[in-house]
Amino acid sequence: MAPTPPCYDHVIDLRATRNFLPDAVTPEHLAAILEAARWTGSSKNTQQWEFIVVDTPEGLEALASAGTFTRPVLNSALTVALVWPPDGYEFDIGRAAQNLMLAADALGVASCPITLHDEDRAREVLGVPAGHRCRYAVALGYPDPEAEAAERRERRAAGKTGRKPLDEVVSKGRYSG
Ligand SMILES: Cc1cc2nc3c(=O)[nH]c(=O)nc-3n(C[C@H](O)[C@H](O)[C@H](O)COP(=O)(O)O)c2cc1C
C-alpha cells in the first residue's frame, strides 16, 4: 500500500526548531497538541505520564536551569515537561513526545526536544515527587523563520544535520555493528 503522502512527508520532515516568535501558543493549539499526546499508545495502556505546561518567563527560566542545552526553552512560548512514575517506561514517554511534536507541527507549532540533565533540579522547579522521572521536555512555539534558517545553516556547516544512511543502521536477522 502506498503511504499517504502528506502524513509520510510530515514524519520525515519534522525537525528540531530552536527559534520561536514571542507569540503565545493559542489555547486551541495547545489543547490539540496535548490531546495528541494523551492519545499515545503505552505499555498495557497504563498511560504513565504527566505533562506539565510551563509558560511564564520565570517558570521557563527556572526549568532551563535544569539542563545544559536549554536555550530553546528560554526562546519558547511554552515548554511541556514530561513526567513518568517509577514504574513507567521511557519508551512510552518518547512516543508521547513524538506524537506531541508531530501534532504541533501539523498545526504550525514548532518544537525542540530538551534534556533536563539535572533531574533533581527539574523535580524541584516543577514540584515533582522524588522517584518520578523528569528527564525530558519539549519546547514549543511558532517558528521564527529567519533566525531558524540562520541557525540551520550553521548546523549544516558544522555537520550537525542529516541522518546516517539506511545501510549503516539496518541489518537482517543479526546485529551487524
Ligand atoms: C532525547 C532527545 C534530547 C534532546 N535534547 C536536546 C537539548 O537538550 N537541547 C537541544 O537544543 N536539542 C535537543 N535535542 C534535539 C536534537 O539535537 C535533534 O533532535 C537532532 O539534532 C536532530 O535534529 P534535526 O531533526 O533538526 O535534524 C534532543 C533530541 C532528543 C531526541
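The structure we're discussing is the one just above.
Quick caveat, the model's predicted, so the values are computed rather than measured. (Residues numbered from 1 in each chain as written. Predicted model: local features only at pLDDT ≥ 70, side-chain atom pairs only at ≥ 80, totals over all residues. Heavy atoms only, no water.)

**Some remarks on the site of the ligand**
No. 1: Residues in close proximity to the ligand total 13 residues, the closest being Arg 15, Arg 18, Phe 69, Pro 113 and Arg 163.
No. 2: Pro 113 is positioned such that a nitrogen or oxygen atom in its backbone is 3.2 Å from a nitrogen atom of the ligand.
No. 3: At 3.0 Å, a backbone N or O of Thr 115 approaches an oxygen atom of the ligand.
No. 4: Partitioned by chemical class, the residues of the shell around the ligand number 8 nonpolar, 1 polar and 4 charged. (Near = heavy atom within 4 Å. Polar contact = N/O pair within 3.5 Å; in protein donor to acceptor, adjacent residues only side chain to side chain. Nonpolar A, V, L, I, M, F, W, Y, C, P; charged D, E, K, R; others polar.)

**Focus: the packing of helix α2 (residues 27–38) against helix α5 (residues 90–106)**
No. 1: Close contact between α2 and α5 brings their axes to 8 Å; oriented N to C, the two are set at 145 degrees. Note on packing geometry: the crossing formed by α2 with α5 is right-handed. Across the interface between the two elements, Ile 33, Ala 36 and Ala 37 from α2 touch Ala 96, Asn 99, Leu 100, Ala 103 and Ala 104 from α5.
No. 2: Per-class residue counts for the contact of α2 with α5 are 7 nonpolar, 1 polar and no charged. (Axes fitted to C-alpha atoms, helices over the stretch in contact; angles between N-to-C directions. Helix = DSSP H or I, 4+ residues; strand = E, 2+ residues; numbered from the N terminus. Left-handed = near helix turned anticlockwise from the far one by under 90°. Contact = heavy atoms within 4.5 Å.)

**A short note on the sheet that holds strand β1 (residues 50–54)**
No. 1: What the 4 strands build is an open sheet, ordered β1-β2-β4-β3; its pairing is antiparallel. Among the strands making up the open sheet, the edge pair consists of β1 and β3 (110–115). For this sheet, the mean inter-axis angle between neighbouring strands, taken without regard to orientation, is 25 degrees.
No. 2: Of the strands in this sheet, β1, β2 (78–84), β3 and β4 (133–141) are in contact with α5, which crosses β4 at around 5 degrees.
No. 3: Those strands touched by helix α6 (residues 119–126) are β1, β2 and β4, and its axis lies near 70 degrees from that of β4. (Pairing = 2+ DSSP bridges.)

**Here's the deal with a nonpolar patch on the surface**
No. 1: On the surface, Leu 166, Val 169 and Val 170 cluster together into a nonpolar patch covering about 310 Å² of accessible area.
No. 2: Among the secondary structure elements, Leu 166 is positioned in helix α8 (residues 166–169).
No. 3: What makes Leu 166 exposed here is its relative accessible area of 65%. (Patch = residues over 30% accessible without salt bridge, like charges linked within 9 Å, V, L, I, M, F, W, Y side chains within 5 Å. Areas by Shrake-Rupley, 256 points an atom, 1.4 Å probe, with all protein chains shown as cover. Salt bridge = Lys/Arg side-chain N within 4 Å of Asp/Glu carboxyl O. Buried < 20%, exposed > 50% of the residue type's maximum accessible area, 1.4 Å probe, protein only.)

**Some remarks on the pattern of salt bridges**
No. 1: If you walk through the whole model with that rule in mind, you get 7 salt bridges.
No. 2: Here Glu 124 makes a salt bridge to Arg 121, at a shortest N to O gap of 3.2 Å. Remark: Arg 121 and Glu 124 occur in helix α6; sequence separation between them is 3 residues, near one turn of the helix.
No. 3: On the basis of relative accessible area, Glu 124 is assigned to the exposed category, the value being 59%.
No. 4: Connected through shared salt-bridge partners, Glu 119, Asp 120, Arg 123 and Arg 133 make up one network.

Remember that the coordinates give geometry; whether it matters functionally is a separate question.
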